[in-house]
Amino acid sequence: MQSPKVLAGATMLSTVSSGTRQSPAMTPALSVYLDLLRFVGALLVLFSHIETDIFGLWFWQLRSYGPQGVVIFFVMSGYVIAYTADAKNKTLRDYTIARGARLYSVVVPAIIFTVITELLIRHFDASYFLQHAGQDRMSVWTHAFLNLTYTSQLWFIGERWWTNLPFWSLGYEAWYYVIFAAATYFPGRLRFLLVLLTCAIAGPRILVLFPLWLLGVAAYEAGKRWTIPVIAACALFAISALGSVYLLLADTDASFTLLVGRVFGDKLVKTLLPPNFDFFYLLGIAITANILAFALMRIEFKTLLRAVGGPIRYAAGATFAIYLFHTPVLALIHWAFQGSPPSLGRSLLLYAGLFVILFAIAEVTERRKKVWTRLFNGVFAKFGQPPRFATPG
């Protein structure tokens with residue numbers, strides 16, 4: 001099996017470093033394009049949680065596309081995980097450190113911030129919390145534990161933390177990393193048994209969306225092997241981009257989910273899917289084709305990269321923090337400004353303040369991943385290391 005890699009995002013993409021063997025399926029131009037896609041995905045999720053009666057009607061058209069932003073992350077995550085396992089993380093130890101540092105550099109601070117936010121709102125305005133939290137009756141500490149251990153979505157747990165809704169997707173994605181590691185870094189029968197075991201632990205709800213993540217892995221492997229004329233790759237890129245926009249706006253996947261419900265029963269579909277989520281296989285295929293087409297173009301875009309590469313990389317370097325911190329920050333804003341009608345000036349200040357806060361948080365979390373990398377290295381040095389199985393090939 002050829003090696004395939006991350007989110008997270010919620011995980012999430014690193015640009016190509018000078019010390020890494022460059023894959024034909026991950027050029028600097030494609031790296032920046034993926035950075036752009038993941039920033040767009042983060043914005044779609046963020047705008048889906050903004051209350052228009054607080055922030056005004058700006059961007060109200062984007063409020064329905066949060067799940068589609070998660071689909072972008074799932075597909076990209078599979079692609080990037082496949083790349084890093086192939087080009088960077090040659091051993092299980094390297095892979096574990098990279099994924100642990102990537103996730104926990106944001107997850108731990110986000111959980112701490114979310115716990116404080118929820119306790120604050122519950123203490124000062126219990127009625128507001130009960131009104132907005134709905135059926136969420138788990139204790140804040142149970143939420144924190146489930147999300148810290150990525151057990152919130154195993155089988156039919158289906159935990160949803162009102163104060164930080166996006167955490168649910170990490171309960172899926174983290175297990176995709178584990179299953180991928182079992183399939184990539186272990187030999188022979190052990191690989192087969194570990195894949196079966198990790199899939200059994202994850203359960204059907206997590207596995208039903210696994211094809212979206214695997215599409216990204218398949219795209220990376222295809223990008224390494226395939227070569228097509230540039231004009232054909234450009235045509236595929238344009239068609240898949242238009243197709244992705246159409247599928248997003250037309251909500252075709254919702255119709256597909258209804259069809260599956262008629263065939264297999266609505267109860268089964270609702271049991272297998274997260275709330276307000278469709279199968280999104282069609283959108284996932286279109287996004288995959290778009291990423292693969294960009295990879296197959298093999299165009300460097302040097303002038304364009306010099307102009308926009310830096311700002312795009314900087315913005316994308318905050319996407320994981322935006323993804324995991326925006327809901328508790330919004331909860332505080334929505335609570336503080338409840339009952340007062342929005343105005344143009346206030347809307348501008350709230351949007352500006354929201355992004356300033358989120359990018360500031362990214363500076364002390366997501367952009368400090370090296371601290372966590374050293375921490376994980378120290379843990380393995382002190383308590384032992386996972387087996388140094390290497391990726392085949």
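Residues numbered from 1 in each chain as written. Predicted model: local features only at pLDDT ≥ 70, side-chain atom pairs only at ≥ 80, totals over all residues. Heavy atoms only, no water.

Caption draft 1: Broad picture of the overall build of the chain. Within the chain, the regular secondary structure consists of 18 helices and zero strands. The C-alpha radius of gyration of the chain comes to 21 Å, within 12% of the 21 Å expected for a compact globule of 393 residues. Projecting the C-alpha coordinates of the chain onto the three principal axes gives extents of approximately 60 × 50 × 50 Å. Burial status across the chain gives 53% buried among its 393 residues. Accessible surface computed for the chain: about 17,200 Å², of which carbon and sulfur atoms make up 71%. Distance from the positive charge centre (32 side chains) to the negative charge centre (18 side chains) of the chain: 10 Å. (Helix = DSSP H or I, 4+ residues; strand = E, 2+ residues; numbered from the N terminus. Rg over C-alpha atoms; globule rule 2.2 N^0.38 Å. Buried < 20%, exposed > 50% of the residue type's maximum accessible area, 1.4 Å probe, protein only. Areas by Shrake-Rupley, 256 points an atom, 1.4 Å probe, with all protein chains shown as cover. Lys, Arg positive; Asp, Glu negative; His and termini not counted. Charge placed at Lys NZ, Arg CZ, Asp CG, Glu CD.)

Caption draft 2: Main features of the pattern of salt bridges. Per the counting criterion, the structure on display carries nine salt bridges. Among the ionic pairs, R38 bridges to D35, the shortest N-O distance being 3.2 Å. Residue R38 and its partner D35 are both found in helix α1 (residues 28–47); the two are separated by three residues, about one turn of the helix. Judged by relative accessible area, which is 1%, D35 ranks as buried. The partner of E300 in a salt bridge is K302, with the nearest N and O atoms 3.2 Å apart. Connected through salt bridges with shared partners, the residues D86, E221, K224 and R225 form a single ionic network. (Salt bridge = Lys/Arg side-chain N within 4 Å of Asp/Glu carboxyl O.)

Caption draft 3: Expanded view of the side chain of T257. Within the secondary structure layout, T257 lies in helix α12 (residues 252–264). Leave out the neighbours within four places in its chain, and T257 touches V269, L273, D278 and F279. (Contact = heavy atoms within 4.5 Å.)

Caption draft 4: Spatial organisation of the nonpolar core. In terms of nonpolar packing, the biggest core is built from 115 residues, with Y79 and V107 touching the most fellow members. Considering each element in turn, this core owes the most residues, 14 residues, to helix α3 (residues 66–87). Of all hydrophobic cores here, the second largest spans seven residues; its members include I121, F129, A133 and W162. (Core = buried A, V, L, I, M, F, W, Y, C linked by side-chain atoms within 4.5 Å.)

Caption draft 5: Focus on the packing of aromatic side chains. On inspection of all chains with the given rule, the structure shows 27 aromatic pairs. One aromatic cluster in this structure is built from F74, Y95, Y176, Y177, F180, Y185, F210 and W213. Above the plane of the ring of Y314 lies R367, whose end atom (NZ or CZ) is 4.1 Å from the centre. (Phe/Tyr/Trp six-rings, centres within 6.5 Å; stacked < 30°, edge-to-face > 60°. Lys NZ or Arg CZ within 6 Å of the ring centre and 35° of its normal.)

Caption draft 6: Seen up close, a nonpolar patch on the surface. A contiguous nonpolar patch, built from W58, F59, L344 and L348 and spanning about 380 Å² of accessible area, is present on the exposed surface. As for its placement among the helices and strands, F59 is situated in the loop between α2 (52–55) and α3. (Patch = residues over 30% accessible without salt bridge, like charges linked within 9 Å, V, L, I, M, F, W, Y side chains within 5 Å.)

Caption draft 7: Spatial organisation of the environment of G309. The residue G309 is located in helix α15 (residues 302–316) in this model. Note: C-alpha distance between G309 and P28 (281 residues apart in sequence) is 9.2 Å. Those residues within four positions of G309 in sequence are excluded, and the remaining contacts are V32 and L304.

By themselves these figures say nothing about function.
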